Amino acid sequence: MEVLSYLIPISLVMGGVGLLAFIYTVRSDQYDDPEGNSQRILNSDYDDHPKVD
Amino acid sequence: MTALSRPNISACPACAAAPAAEAMAERAAQKDAQIALSVPGVHCGACISTVERALEAAQGVKSARVNLTLKRATVEAEPDVMPEALIAVLSRIGYESHELDAGTLSATQTDKAGRDLLMRLAVAGFASMNVMLLSVSVWSGAADATRDMFHWISAAITLPTIAFSGQPFFRNAWSALKHRRLNMDVPIVLAIVLALVTSLWETSLSGHHAYFDAALALTFFLLAGRYLDYRTRAIARSAAEELAALEVPRAFVLRDGEEVQLPVSELRIGDLVRVRPGGRMPVDGEITEGMSEIDRSLLTGETLPIQAMPGQGVSAGEVNLTGPLTICATAVGKDTSLHRMADLVAIAESGRSRYTSLADKAAQLYAPGVHILSALSFIGWYLYSWDVRISLNIAAAVLIITCPCALGLAVPAVTTAASGRLFKKGLLIKHPTALERLAQVETVVFDKTGTLTAGTPELVTLDGFGSRDLGIALALAQGSAHPLSVSLTSALKAQGIAPATLTDLTEVPGYGTEAQWQGRRVRLGRAAWVGAKPGAETAAWLGIEGDAPQSFTFTDRLRDGAEQAVAELQAAGKDVILMSGDTTRAVEALANRLGITQWLAEALPEDKAARITALQEAGQKVLMVGDGLNDTAALAGADVSISPASALDAARVASDIVLLGGDLAPIADALATGRSAIWRIRENFRIATVYNLIAVPLAMAGLATPLVAALAMSASSITVSLNALRLR
């Protein structure tokens, strides 16, 4: 049962990381335009280099 | 156009990204302009890049982002960039666009309430996954110290999560209790709190059963229902806001002898406002200069334009047809007759406030029922065992297992599915209970002008005219932008008529066009001006000097799908009634054309509303479809109401559903979808009841373990959601 002493913290940390990642996506407006995002992935504009702001 | 006169920083957009540092610093002091454009034509990935690239290449634009879901482009630009310049840029690459008024459009800021709910939903979801993991180990046999440790860890995750995620329920329940009422949230909060209290108590005594996972799953499912409900309404709201934001934001005003463009909200009484042909009056006022004709159909339902001359009064919302007019404003903004009428509607009792939604009815039965059941089980077990711990445990199990989740999801899951389907067909459901009310409709009342008809004239016939006369008429009609002339031109061109050669062609605003033909004066216009007696129909008269005047008669063109909608509604057994402010003759003609037997002509706004009240008193459920200001009272009074997107703002606000496309055919579909949605909602309630009938006796008998509670809750929520997806 000693295995629990590290398995439980690991599962909690993994859940926490997932939650933080989700909070980040909400904060950065990534759910505002679901249709546009599904189309933009097919767009080859920024394939060679990222968009420069 | 200051944007065009500014010196160019750089020709290519890529270099524009790296201008001199001092220029950056200088401009940073000013606030960037944010311009929102509605671009209805974007529909694919290629459109996104074309539009964005074109906008970013425009002068002064810092960044442009297209939102495909909302069909909208948001542009960050220098303060002096005018939206007109960007609209011109888009029209050059073939995209129609309209400026959206940033003041009306609060949806450009990210929607706070939706994000807040989503965050609470996510936290509840992640926490319930972790707690479920621990609970499964307990259920599969963890014992003694291990079980206690798992319970304590679950408690440590659950308590803060509920404190954060459960807030919407706590707030609603508290406000209901403050007003001494019961709503769905009261039993929900009681279930969550009781589950937490008994679980903590059990854990501290190393008990076997803890309901932490149930409390979290309950919160998660209910938040999912709330979020679905919220999103459906948010989409409708942002589309409705966009329609409102498209309305006349600007007017041309004479200030110190110069014509300046001002937002309508800045107009003052006494301002001289210029209204161009085709423009809508932004204010109430008196004509000081100019001759024209005015289309009042949105206000009164009359199709025949009236003549306008200096000294005559005009009301906001009327459309100027032929010549430019200068108006001295006598009432602006909230004081215009347009707004006053709209305000009257807001005061009047509306059909929607009288309706109790299915969810509310269910809650009225459910909330007291659950409390009584759980209190009875507590008392019963206490009298039987004299043990508070067992009794409380069982009371909590009863509260949790009555699956308010299924009830919480039953309605939003169905309305989300139904609204999504109707939105694809071009119907925007603005009001949350509109679908339910739509399902009960027995009588459908249509307005004529602008609703069943498109508001554009259509020539009745060309028979009986000589080709010489038609050639002259075409040449005269081409000289004017009056709707009758435009319609006549296209009808004659379609017949392959060649225009006659005329000289001295002039348009006399308010009367018609005049020219010389082979030394004779020829005129096309109003009856009296041409020398004929005016008839009852909409007509343009052709007068050739020396010949008797001839008339081209017009009818109002039917809106697309009008015939189909009326036929389908009648086939579905609904009573269809036509009500209009137009003349008896015009209304009768249209009623015959569409096969409508009941009609009412020359109806004043009060007549329309009174007729609807009379129908309702006779026990009918009435759907009103209308677009004008004269319909707003009727729209608000009817049980449910629909208005086309082309309607006046006031009419759209008064109605529950907005028809986005020009086509009327989806109305019949909407009634069918409404009915099947209600069917599904009732079915969902029945499913939830069946679950309760099985699970509640188990819980009251003390046989429900946390595992049984978790299974019942998840199974009922999932069944209800899947059932909603079956909606056709």
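Residues numbered from 1 in each chain as written. Chains lettered and ligands numbered in written order. Predicted model: local features only at pLDDT ≥ 70, side-chain atom pairs only at ≥ 80, totals over all residues.

**Q** Report on the overall build of chain A, specifying residues and quantitative values.
**A** Summing up its helical and strand segments, chain A has 2 helices and 0 strands in all. For 53 residues, the compact-globule estimate of 2.2 N^0.38 gives 10 Å, and the C-alpha radius of gyration of chain A, at 18 Å, exceeds that figure by more than 25%. In terms of principal-axis extent, the alpha carbons of chain A reach across some 55 × 25 × 20 Å. Within chain A, the proportion of its 53 residues that are buried is 0%. (Helix = DSSP H or I, 4+ residues; strand = E, 2+ residues; numbered from the N terminus. Rg over C-alpha atoms; globule rule 2.2 N^0.38 Å. Buried ≥ 20, exposed ≤ 12 C-beta atoms within 10 Å, placed from the backbone.)

**Q** Talk me through the sheet that holds strand β11 (residues 313–314) of chain B; I want residue IDs and the actual numbers.
**A** All names here are of chain B. The 6 strands lie next to each other as β6-β5-β7-β13-β8-β11, forming an open sheet whose pairing is antiparallel. Sheet topology places β6 (258–263) and β11 at the edges, where each strand pairs with a single neighbour. The pairing of strand β5 (residues 250–255) with β6 spans 6 bridges and is antiparallel. Considered in β6, the bridge of Leu 254 is made with Glu 259. (Pairing = 2+ DSSP bridges.)

**Q** Give me the lowdown on the confidence of the model for chain B, citing residues and values where you can.
**A** All names here are of chain B. Across chain B, pLDDT averages 80, with 89% of residues at or above 70. A low-confidence stretch, residues 1–29 stays under pLDDT 50, and its non-local contacts, those more than four residues away or across chains, total 22 contacts. Two numbers describe this predicted complex: its pTM, 0.71, and its ipTM, 0.82. (pLDDT = per-residue confidence, 0-100. Contact = placed C-beta atoms within 7 Å.)

**Q** Requested: an account of unusual backbone geometry, with residues and values cited.
**A** All names here are of chain B. Phi angles above zero are rare outside glycine, and Ser 206 is one such case at about 50°. Its place among the elements puts Ser 206 in the loop between α9 (185–204) and α10 (212–245). Take Ser 206: there are 11 C-beta atoms within 10 Å of it, and that puts it in the exposed class. We note that Asp 504 has phi near 55°; this positive angle belongs to a residue other than glycine. Here Asp 504 lies in strand β17 (residues 503–508). Note on Asp 504: 9 C-beta atoms within 10 Å, which makes it exposed.

**Q** I'd love a proper account of the sheet that holds strand β1 (residues 33–38) of chain B, names of residues and values included.
**A** Residues and elements named next belong to chain B. A sheet is described by the order of its strands in space; here 4 strands give the open sequence β2-β3-β1-β4, paired in antiparallel fashion. Every interior strand has two partners, whereas the edge strands, β2 (61–67) and β4 (98–100), have only one. Pairwise comparison of adjacent strand axes, ignoring direction, gives a mean angle of 30° for this sheet. Inspection of the sheet shows β1 paired to β4 by 3 bridges, in the antiparallel sense. (Axes fitted to C-alpha atoms, helices over the stretch in contact; angles between N-to-C directions.)

**Q** Lay out helix α18 (residues 467–477) of chain B in plain terms, naming residues and giving numbers.
**A** Within the sequence span of α18 of chain B, burial applies to Leu 470, Ile 472, Ala 473, Leu 474, Ala 475, Leu 476 and Ala 477 of chain B. Of the surrounding secondary structure, the elements contacted by the buried residues of α18 of chain B are α19 (483–494), β18 (512–517), β19 (520–525) and β20 (538–544) of chain B.

**Q** Describe the environment of Leu 37 of chain B, listing the residues and the values that go with them.
**A** Residues and elements named next belong to chain B. Within the secondary structure layout, Leu 37 lies in strand β1. Separated by 80 residues in the primary sequence, Leu 37 and Leu 117 place their C-alpha atoms 28 Å from one another. Beyond its immediate stretch of four places on either side in the chain, Leu 37 contacts Arg 72, Ala 73, Val 75, Pro 83, Leu 86, Ile 87, Ser 97, His 98, Glu 99 and Leu 100.

**Q** Outline α9 of chain B, supporting the account with residue identities and numerical values.
**A** Residue and element names in this part refer to chain B. With 20 residues, α9 should reach 28 Å at 1.5 Å per residue; the first-to-last C-alpha distance of 28 Å fits that figure. For α9, every residue scored as buried is listed here: Asp 185, Val 186, Pro 187, Ile 188, Ala 191, Ile 192, Leu 194, Ala 195, Leu 196, Thr 198 and Ser 199. Looking at the residues trailing α9, positive phi occurs at Ser 206, about 50°. (Expected span 1.5 Å × (residues − 1).)

**Q** Any details on the interface of chain A and chain B? Residues and values, ideally.
**A** Of the residues lining the interface, 23 residues belong to chain A; the matching set on chain B comes to 22 residues. Within the residue set of the side of chain A that touches chain B, elements represented by two or more residues are α1 (3–27) and α2 (34–40) of chain A. The greatest single-element share of the side of chain A that touches chain B, amounting to 9 residues, is contributed by α1 of chain A. Each residue belonging to the side of chain A that touches chain B can be placed in one class, and the counts come to 10 nonpolar, 6 polar and 7 charged. (Nonpolar A, V, L, I, M, F, W, Y, C, P; charged D, E, K, R; others polar.)

**Q** Outline the packing of helix α6 (residues 112–139) of chain B against helix α7 (residues 144–165) of chain B, listing residues and values.
**A** All names here are of chain B. Packing of α6 against α7 brings their axes to within 10 Å, and their N-to-C directions diverge by 165°. As summarised for this structure, α6 and α7 are arranged roughly antiparallel, according to the angle between their axes. The crossing of α6 and α7 is left-handed. Residue-level inspection shows Arg 120, Val 123, Ala 124, Ala 127, Asn 130, Val 131, Leu 134, Ser 135, Ser 137 and Val 138 of α6 in contact with α7, the latter providing Arg 147, Phe 150, Ile 153, Ser 154, Ile 157, Thr 158, Thr 161, Phe 164 and Ser 165. Taken together, the residues of the contact of α6 with α7 sort by class into 10 nonpolar, 7 polar and 2 charged. (Parallel < 35°, antiparallel > 145°, perpendicular 65-115°, else oblique. Left-handed = near helix turned anticlockwise from the far one by under 90°.)

**Q** Now, about the pairing of strand β3 (residues 72–77) of chain B: what can you tell me, with residues and values included?
**A** All names here are of chain B. Bridge analysis of β1 against β3 gives 6 bridges, and the strand direction is antiparallel. Its bridge partner being in β3, Ala 36 is matched across the sheet by Thr 74. Bridge count for β2 against β3 is 6 bridges, and the pairing is antiparallel. Residue pairing across strands places Asn 67 opposite Arg 72, the latter belonging to β3. Between β2 and β3, which pair antiparallel in sequence order, lie 4 residues; one of them, Lys 71, sits at a positive phi of approximately 50°.

**Q** So what about the nonpolar core? Which residues, and what values?
**A** Residues and elements named next belong to chain B. The biggest cluster of nonpolar side chains holds 138 residues, and the ones touching the most others in it are Leu 218, Ile 400 and Leu 623. Not counting the four nearest positions on each side in its chain, Ile 400 is found in contact with Ala 191, Ala 195, Tyr 211, Ala 214, Leu 218 and Ala 709. By size, the runner-up hydrophobic cluster in this structure holds 25 residues, among which are Ile 472, Leu 474, Ala 491 and Trp 541. (Core = buried A, V, L, I, M, F, W, Y, C linked by C-beta atoms within 7 Å.)

**Q** Provide a residue-level description of the environment of Val 260 of chain B, including the pertinent values.
**A** Residues and elements named next belong to chain B. Relative to the helices and strands, Val 260 resides in strand β6. The spacing of Val 260 and Val 273 is 13 residues in sequence and 9.6 Å in space, taken between C-alpha atoms. Apart from the residues lying within four places of it in its own chain, the contact partners of Val 260 are Val 253 and Arg 255.

**Q** An account of the environment of Glu 458 of chain B is requested, with residue identities and associated values reported.
**A** Residue and element names in this part refer to chain B. By secondary structure assignment, the location of Glu 458 is in strand β16 (residues 453–459). Along the sequence, Glu 458 and Thr 553 sit 95 residues apart, while their C-alpha atoms lie 8.5 Å from each other. With near-sequence residues (within four places) excluded, Glu 458 lies in contact with Ser 487, Phe 554, Thr 555 and Arg 557.

**Q** Residues and numbers for the packing of α7 of chain B against α9 of chain B, please.
**A** Residues and elements named next belong to chain B. In the contact formed by α7 and α9, the axes pass within 10 Å of each other and the chain directions differ by 150°. Of the possible angle classes, the one that applies to α7 and α9 is roughly antiparallel. In this structure, α7 crosses over α9, and the sense of that crossing is left-handed. Across the interface between the two elements, Asp 148, His 151, Trp 152, Ala 155, Thr 158 and Ile 162 of α7 pack against Ile 192, Leu 196, Leu 200 and Thr 203 of α9.

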